[in-house]
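Working through the structure, step by step
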Amino acid sequence: MRFIIYGAGGIGGSIGARLHLNGERVLLVARGEHFKAIKANGLEFHSPTIHESLQIEVVPHASDIHMEEDDVVILCMKTQHVDGALRDLQVYAPSDTPIVCCQNGVASERMALRRFSRVYGMVVWVPAEHLEPGVVVNFAENRAGNLDAGCYPSGVDETIERVTAAIHAAGFVSRPNSSIMAQKYAKLMVNLTNALDAACSERPDDVIRDMQSEARACCDAADIEYADFKSSRANRGDIRGGPVEGFQRHGSSTLQSLLRDTGDIEADYMNGEIVQLGRLHGIPTPANATVQEIGVRLVRGEIKPRSLTANAVRTLVNQQRQP
């Protein structure tokens, strides 16, 4: 089995690096300056116990992959980039290529199933960052993160058993899970705070409770299964964040996108997922709609990272509640 890590940022780079270190065949797909840096100098990978420059094969585009029979593609770009990656991949990969969706949010699997017949969901609990070309940092001791996975929409097969076994052996907690989307919806409810983490100087706990309450009400109305927080937390395994010499951990994936000035963030596929469900099922979602709009304003530069107070967010939510 060869692992094609499509999107070699913080998450994908950490997965690819650890699989490579454990002797697996790995091909990275990276863009722009990140590709150039890896091609020239290797992937610089750092963790609390690892500081290595890894010579991993890397290509800049799906057209450069040259698919093999036993390939598995793990999509690791953020959700807003998934559809474009799938369009590119569809041109060069057979429709029965296994596609593992390793994103926060729950939209990628639906996108992939339009073009590929073997789609898998993977929940992502990995403390990792990618802020400079060619460099990936995994802030985790003991186990590097949790990457349980299963068939989409449900079930387990031999392919995902092999994938999770390899990732688990490489240092993560990774197990097959027949109800993986319930875990991904639980993770979505945690990630509803990402745009707030990026925008706020203080944590508005009441707004966060409202966002998660709206999410549960929307999932209940849509008859969508989601794991409860306690079982989701217990399911992660023994993952402990740890310091990495020479690196500071900055925060959520949303904040990392802003720091790298990528021009987009995930809020439409986190808070926007709940807003969409609310509109479909008649459930008000003022807290999530507000935070989605905060995300839009962050990208526009109208709000600076870590500049909003908790009271400012409460005021915006109350305005959204007005008829």
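Our subject is the structure listed above.
Please read all numbers here as calculations on a predicted model, not as lab measurements. Each residue is numbered by its place in its chain's sequence as written, counting from 1. With pLDDT at 70 or above as the cut-off, local features in this predicted model cover only qualifying residues; side-chain atom pairs require 80 or more to be listed or tallied, and sums for whole chains, interfaces and linings still use all residues. In computing side-chain properties, one takes all heavy atoms of the structure into account and sets aside hydrogens as well as water.

Taking 1.5 Å per residue, 12 residues should reach 16 Å; helix H6 (residues 180-191) reaches 16 Å between its end C-alpha atoms and fits that length. Each residue gets one of three labels from its accessible area relative to the maximum for its type: buried under 20%, exposed over 50%, partly exposed in between, using a 1.4 Å probe on protein chains only. For helices the rule is a DSSP run of H or I covering at least 4 residues; for strands it is a run of E covering at least 2, with both sets numbered from the N terminus onward. Most of H6 sits inside the fold, with 11 of its 12 residues counted as buried. Considered for burial, the residues of H6 that qualify are Ile180, Met181, Ala182, Gln183, Lys184, Tyr185, Ala186, Lys187, Leu188, Met189 and Asn191. Multiplying 1.5 Å by the helix residue count minus one yields the expected span of that helix.

Right, let's talk about the side chain of Thr254 for a bit. With respect to the helices, strands and loops of the structure, Thr254 is situated in helix H10 (residues 253-259). Looking at Thr254, the relative accessible area reads 2%, which means it is buried. By the convention used here, residues are in contact when the closest approach between their heavy atoms is within 4.5 Å. Apart from residues no more than four positions distant in its own chain, Thr254 is found in contact with Asn194, Ala195, Ala198, Ile265 and Glu266.

Note on geometry: axes are C-alpha line fits, over the in-contact stretch for helices, and angles between N-to-C directions span 0 to 180 degrees. It is at 8 Å that the axes of helix H11 (residues 271-281) and helix H12 (residues 286-300) come closest, and there the two elements cross at 135 degrees. Considering the angle they form, H11 stands oblique to H12. Seen from above, H11 lies across H12 with left-handed handedness. Of H12, the residues touching H11 (which contributes Asn271, Gly272, Ile274 and Val275) are Asn288, Ala289, Val291 and Gln292. Angular relationships are summarised with four words: roughly parallel below 35 degrees, roughly antiparallel beyond 145, roughly perpendicular across 65 to 115, and oblique for the angles in between. Each crossing is labelled by how the near helix is turned from the far one, with a counterclockwise turn of less than a right angle marking it left-handed and a clockwise turn marking it right-handed.

Below, the discussion takes up the environment of Glu245. When you line up the elements, Glu245 lands in the loop between strand E13 (239-240) and H10. For Glu245, a relative accessible area of 68% corresponds to the exposed category. In this structure, the C-alpha to C-alpha distance between Glu245 and His51, residues 194 residues apart in sequence, is 9.1 Å.

Working definition: rings of Phe, Tyr and Trp (its six-membered ring) pair if their centres are within 6.5 Å, and the pair is stacked with planes under 30 degrees apart, edge-to-face with planes over 60 apart, and tilted otherwise. Taken as a whole and judged by the stated rule, the model has zero aromatic pairs. In this scheme, the term charge over a ring applies when either NZ of a lysine or CZ of an arginine sits within 6 Å of the ring centre and within 35 degrees of the ring normal. The ring of Trp125 carries the charged tip of Lys187 above its face, separated from the ring centre by 4.8 Å.

Take the sheet that holds strand E12 (residues 149-151) next. Judged by pairing direction, the sheet is mixed, and its seven strands sit side by side in the order E5-E2-E1-E6-E7-E8-E12 without closing on themselves. Only two strands of the sheet have a single neighbouring strand rather than two, namely strand E5 (57-59) and E12. Each adjacent strand pair in this sheet contributes to an overall mean axis angle of 25 degrees, direction not counted. Bridge count between strand E2 (residues 25-29) and E5: three bridges; the pairing is parallel. A strand pair is defined by DSSP finding two or more bridges across the two strands.

Attention shifts here to unusual backbone geometry. For the bond from Tyr152 to Pro153, the omega torsion is 5 degrees, close enough to zero to count as cis. Here Pro153 lies in the loop between E12 and helix H5 (158-169). Residues other than glycine seldom take positive phi values, yet His66 does so here, at roughly 60 degrees. With respect to the helices and strands, His66 occurs in the loop between E5 and strand E6 (71-75). A positive phi angle, close to 55 degrees, is found at Asp261, a residue other than glycine.

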